[in-house]
Amino acid sequence: MLQIKNLTKVYPDGTVALKNVSFEVPDGEFLIVIGLSGSGKSTLLRCINRLINPTEGEIIWNGIDLSKLEGEDLRKARRKIGMIFQNFNLVKRSSVFSNVMSGRLGYSRTIPSMFGQFSKDDIEMGRKVVERLGITSQMHKRADELSGGQQQRVGIARALMQEPELILADEPVASLDPVLAHSILKTLETLNQEDGLTVICSLHYLDLVQRYGTSVVGLREGEVVYRGSREDVRKMT
Ligand code: ADP
Ligand code: ADP
């Protein structure tokens, strides 16, 4: 269970990106966060895994307040949280497989040389994940040689290498065409349904929201304006 309690984020320039946001996400949920550009979706997801620090409030996950963790404790908690980005955040000049394997190392930005870093089991796990995401034939290419949809698959594979319990996907399909968008969202759906991962995914298209996810949080100007089923989400507007 993830409990967001009275979360507020004020950026250094005074922008109030989240105002007193509270909601709960039971384990096994596929939560869609919807809102217009600037409504605070990205800020919310980045607060949850502490890419940025909230100004006030609590983020209770499995009984631990993530907003208070530092150092090794924070690192440990974040290993269980996989993050997927709109712009993929791959190391473009490195190979697909290196990018995938870097998930095993947590949040280091640099990709070390592959050799000696990983156990045989890690490498085997990497191959399986790559196979599952359908990018085996691409694994030795440079990341930036892949199409957007394939790059997002690399991003998902990298997150899976963390063996996460929670996946945060920040507008993962915003830069993809509709066919690829559906394929990526179906992949997230599979991870939710078959692997039991809790998924929190932000989107800004209502038509996608009505096809994916088990429930919805709507944000407007940093505030929660909807919490409920995807069927009722049109009432938000
Ligand atoms: P969304 O993901 O829904 O587009 P964001 O969380 O990116 O929304 O942004 C919410 C608000 O916070 C916007 O007004 C945005 O301009 C502002 N914002 C985002 N990042 C920063 C930042 N680093 N410094 C100042 N304001 C920011
Ligand atoms: P997104 O489309 O994902 O919301 P943006 O293009 O709004 O991303 O923001 C890109 C980067 O700029 C992010 O790191 C965000 O935090 C930062 N940013 C957004 N708005 C502001 C702002 N008003 N002042 C400073 N940084 C901002």
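See the structure shown above.
Residues numbered from 1 in each chain as written. Chains lettered and ligands numbered in written order. Predicted model: local features only at pLDDT ≥ 70, side-chain atom pairs only at ≥ 80, totals over all residues. Heavy atoms only, no water.

### Points about the site of ligand 1
Note the cut-off: It suffices for a single heavy atom of a residue to lie within 4 Å of a molecule or strand for the residue to be listed as near it. Think of a polar contact as two N or O atoms within 3.5 Å of one another; within protein, one of them needs to be a possible hydrogen donor and the other a possible acceptor, and neighboring residues in sequence only count if both atoms come from side chains. Surface accessibility in these figures is a Shrake-Rupley result with a 1.4 Å probe; residues are shielded only by whichever protein chains are displayed. Here a strand is any run of E in DSSP of at least two residues, a helix any run of H or I of at least four, and the numbering for each starts at the N terminus. Here the term charged refers only to Asp, Glu, Lys and Arg, the term nonpolar to Ala, Val, Leu, Ile, Met, Phe, Trp, Tyr, Cys and Pro, and the term polar to all other amino acids, Gly among them.
Residues in close proximity to ligand 1 include Tyr11, Asp13, Thr15, Ala17, Leu36, Ser37, Gly38, Ser39, Gly40, Lys41, Ser42 and Thr43, which together make up its full environment. In this structure, an oxygen atom belonging to ligand 1 sits 2.7 Å away from a main-chain N or O atom of glycine 38. The fraction of the free accessible surface of ligand 1 (560 Å²) that becomes covered by protein chains is 63%. Per element, the largest residue contribution to the shell around ligand 1 is three residues, and it comes from helix H1 (residues 41-48). When grouped by side-chain class, the residues that make up the shell around ligand 1 number three nonpolar, seven polar and two charged.

### As for the site of ligand 2
Lining the immediate surroundings of ligand 2 are Asp13, Arg46 and Gln86. Between ligand 2 and the protein, one listed contact pairs an oxygen atom with a side-chain N or O atom of arginine 46 at 3.3 Å. Protein contact buries 27% of the 550 Å² of open area that ligand 2 shows by itself.

### Looking at unusual backbone geometry
Quick note on the threshold: Throughout, exposure labels follow a simple rule: accessible area from a 1.4 Å probe, protein chains only, divided by the maximum for the residue type, with under 20% read as buried, over 50% as exposed, and the rest as partly exposed.
We note that glutamate 163 has phi near 50°; this positive angle belongs to a residue other than glycine. Tracing the sequence through the fold places glutamate 163 in the loop between helix H5 (148-160) and strand E7 (166-169). Accessibility expressed as a relative area gives 45% for glutamate 163, which makes it partly exposed. Positive phi values are uncommon outside glycine, yet glutamate 221 reaches one of about 45°.

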